[in-house]
Amino acid sequence: MNKKAIYTKQYYENFALNTLKKYHPEKFSEFEKGESPDWICGSVGLEITRAVTTQDGELDAFIKDCEGKEFSEIRKERLKKLGFATELTKSNCEHLYETRSPKKGLLTFLHAKDGRYLFLFYASRMELVDECTNDIKHAIEEKLKKLNSNYKQFEENDLAVIVQEQLNYEIADNLIIDEIVKKLLDDIKSVCGNTTYSIVFDMIYVIFYDNLFAVNTKDFCCKRIQISSSDFLSLSRESVE
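Please read all numbers here as calculations on a predicted model, not as lab measurements.

J.: If you had to explain the overall build of the protein chain to someone new, which residues and values would you point to?
T.: Scanning the protein chain for helices and strands turns up seven helices and 11 strands. Here the protein chain, with 241 residues, has 49% of them falling under the buried criterion. Here the analysis covers contacts within the protein chain between residues at least 6 apart in sequence; of these, 59% occur between residues at least 24 apart. For the protein chain, the accessible area works out to roughly 12400 Å², and carbon and sulfur atoms hold 49% of it.

Below, the structure is given as structure tokens:
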């Protein structure tokens, strides 16, 4: 993957649409590029945004420096300073290896066919579900304001929120996901119930590294699809310009 291209606005817009195309092809296969909203198909508009987690400045700089590198190029002293293990361990996903920090989260690397371990993504540690869902809530609120002010409105208006987090951990997997879904639905009900908005998004899709949640704001029904590591890799590659 191109080091610079992977983190562009267009990459995330492509990644969101490609993910929805894969798991909901009957609805999203014919979308074309638009502007406010980002994707359009007939009477449906789809806006894309990210729930950006606030990170420590030093960690943020470190993650950016890891992009495009293999594990052997990352100084162990820097890993140790940030609390990460200096050796990789096998992930529960095929071809993936990781190094964890009790306070910072985990760095995931792809074991390539040529033997190299290539940096893939960073996932922060969710000590509190609120930290993650608050970012999602804020992202939805910001887009709702724009939908009600300067975005073109369609018969159906949808929103996809990308969250750069992993949920499927070997320990407390179901607990984390159950708490995320409960808080997510409570927040969406609260935001969409705000009477200052004359229109709200019909569907809100929340896309994690390994999960896709589809929330219908009419009945607040939430459907979950688990995204495999191989699908994530494929979708990510397809999304680079």
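J.: Requested: an account of the pairing of strand 6 (residues 105-111), with residues and values cited.
T.: Of all seven residues that make up strand 6, six are buried, and the element is covered over most of its length. Judged from the six bridges that link them, strand 5 (residues 96-101) and strand 6 form a sheet pairing that is antiparallel. Of the residues in strand 6, the one forming a bridge with Leu96 is Leu110. A loop of three residues connects strand 5 with strand 6, the two strands running antiparallel in sequence.

J.: Run through the side chain of Asp187, naming residues and quoting values.
T.: Relative to the assigned elements, Asp187 resides in helix 6 (residues 173-192). Accessibility expressed as a relative area gives 9% for Asp187, which makes it buried.

J.: I'd like a rundown of the nonpolar core, residues and numbers included.
T.: Of all hydrophobic cores here, the largest spans 32 residues; its most connected members are Leu46, Ala160, Tyr205 and Phe232. Elements that contribute at least two residues to this core include exactly helix 1 (9-23), strand 3 (44-50), strand 6, strand 7 (117-124), strand 8 (156-162), strand 9 (203-207), strand 10 (211-216) and helix 7 (229-239). When residues in this core are grouped by element, the largest group, seven residues, is from helix 1. Beyond its immediate sequence surroundings of up to four residues, Tyr205 is in contact with Leu20, His24, Lys27, Phe28, Asp158, Leu159, Ala160, Val161, Leu212, Phe213 and Ala214. Formed by 28 residues, the second largest nonpolar core is a distinct cluster that contains Ala139, Leu167, Phe201 and Phe208.

Rules behind the numbers
Residues numbered from 1 in each chain as written. Predicted model: local features only at pLDDT ≥ 70, side-chain atom pairs only at ≥ 80, totals over all residues. Heavy atoms only, no water. Helix = DSSP H or I, 4+ residues; strand = E, 2+ residues; numbered from the N terminus. Buried < 20%, exposed > 50% of the residue type's maximum accessible area, 1.4 Å probe, protein only. Contact = heavy atoms within 4.5 Å. Areas by Shrake-Rupley, 256 points an atom, 1.4 Å probe, with all protein chains shown as cover. Pairing = 2+ DSSP bridges. Core = buried A, V, L, I, M, F, W, Y, C linked by side-chain atoms within 4.5 Å.

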